[in-house]
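# Structure assessment
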Amino acid sequence: MQPPVDESVERTVAGLCEEVAPPDHPPITQDASLADLGLDSLGLADLAVAVEERFGVRLARGDVGGLRTVRDIAEIVRQKLPENGRRIPAGIGNLQSFVKTVITPVFRWQSRLQVTGAENVPSTGPAIIAANHRSMLDVPLLVLACPRPLVFMGKRELFGDPVRRWAFHTMGGFPVRREIADIRAIDVALAVLERGEVLGMYPEGTRSRTTKMLPFLKGAAWLALRTAAPIVPCGIGGTERDPARSALPPLRKTVRIAFGPPIPVEREDDPATRRKKADEVTEQLLQAVTALLV
């Protein structure tokens, strides 16, 4: 039996056609003719670029020449995407519930975990949890503290060998390459939110070796503006190592995880305006997370 195809591929392709079609185009449906939408050769070229940026799928000249409808494009994208058209990797997070049940008592004992504000995480619908990052403990502890299943973005180095790759994947993680604009990781994040799930991110982009907050990257804000998903600020304190005490981490810590009130974000479809608003949302998020650490 074939796995179900992610239906959001069709919706996303329709949205890309909307972005590149002339202003006076007719309604865009899956069976809408590309010619009727006003997509000439240059329009098709713009569409091919947009598809590659969003899905990491390159439309060859022969592909474009044979396209007739919006549905044709979606079908080509599905064929070229890995894992039979899935935007979200198969099996991601499939052991998260089991692992939480088994290891939560151990981690709660080791970290003396204190969680506040869990009611601020929306009970349904898409949401982005944006947390500060001081230690590798932040990753499993945030998964344990979150009241809903969490799919989280992690630096590619965490997935460096088969064992760690399997462990982080089954816990709900997917890799992102920090040295480039990782379009594939961005699309996975979009697909998670489009399915109404919770996405975990660390806007600092890397661990802060001190208690000082690093500048926030704009990815969480951009995703929120693209999908209208609220951002839940999260402050994690107590996971950092104190170099003045010992070269080895203590057996037990006292870790506090606080979820703040969600930051509502309206969808912004204009790319230029979205990038501008991302600055404002990112600053608001930074202040909200900082306040949770006081």
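The shown structure was predicted, so the numbers you read here are calculated from the model rather than taken from an experiment.

## Observations concerning the sheet that holds strand S2 (residues 127–131)
In spatial order, the strands read S1-S7-S6-S2-S5-S3-S4; together these seven strands make up an open sheet with mixed pairing. With one partner strand each, in any of the chains shown, strand S1 (114–116) and strand S4 (173–176) form the two edges of the open sheet. Pairs of neighbouring strands in the sheet enclose a mean axial angle of 20°, with direction left out of account. Bridge count between strand S3 (residues 150–155) and strand S5 (residues 198–201): three bridges; the pairing is parallel. Residue pairing across strands places Val 151 opposite Leu 199, the latter belonging to S5. Its contacts with the sheet put helix H7 (residues 138–145) on S1, S2, S3, strand S6 (231–237) and strand S7 (256–259), and the angle it makes with S7 is roughly 55°.

## Observations regarding the layout of surface pockets
Within this model, the largest pocket holds a volume of roughly 670 Å³. For the lining of the largest pocket, the secondary structure elements donating two or more residues are S3, helix H9 (183–194) and helix H10 (219–227). In terms of residue class, the lining of the largest pocket is built from 17 nonpolar, five polar and six charged.

## Let's talk about the packing of helix H6 (residues 96–111) against H7
For the pair H6 and H7, interaxial distance at closest approach is 9 Å and the crossing angle is 110°. Viewed along their axes, H6 and H7 adopt a mutual orientation that is roughly perpendicular. In this structure, H6 meets H7 at a crossing whose hand is left-handed. Along its contact with H6, which presents Gln 96, Lys 100, Ile 103, Thr 104, Phe 107 and Ser 111, the element H7 presents Pro 140, Leu 141, Val 143 and Leu 144. In terms of residue class, the contact of H6 with H7 is made up of six nonpolar, three polar and one charged.

Cut-off values and rules
- Residues numbered from 1 in each chain as written.
- Predicted model: local features only at pLDDT ≥ 70, side-chain atom pairs only at ≥ 80, totals over all residues.
- Heavy atoms only, no water.
- Pairing = 2+ DSSP bridges.
- Helix = DSSP H or I, 4+ residues; strand = E, 2+ residues; numbered from the N terminus.
- Axes fitted to C-alpha atoms, helices over the stretch in contact; angles between N-to-C directions.
- Contact = heavy atoms within 4.5 Å.
- 1 Å grid on protein atoms, 1.4 Å probe; cavity = no way out; pocket = protein on both sides within 12 Å on 5 of 7 lines; lining within 4 Å.
- Points joined across faces, edges and corners; volume = space filled by probe spheres on them.
- Nonpolar A, V, L, I, M, F, W, Y, C, P; charged D, E, K, R; others polar.
- Parallel < 35°, antiparallel > 145°, perpendicular 65-115°, else oblique.
- Left-handed = near helix turned anticlockwise from the far one by under 90°.

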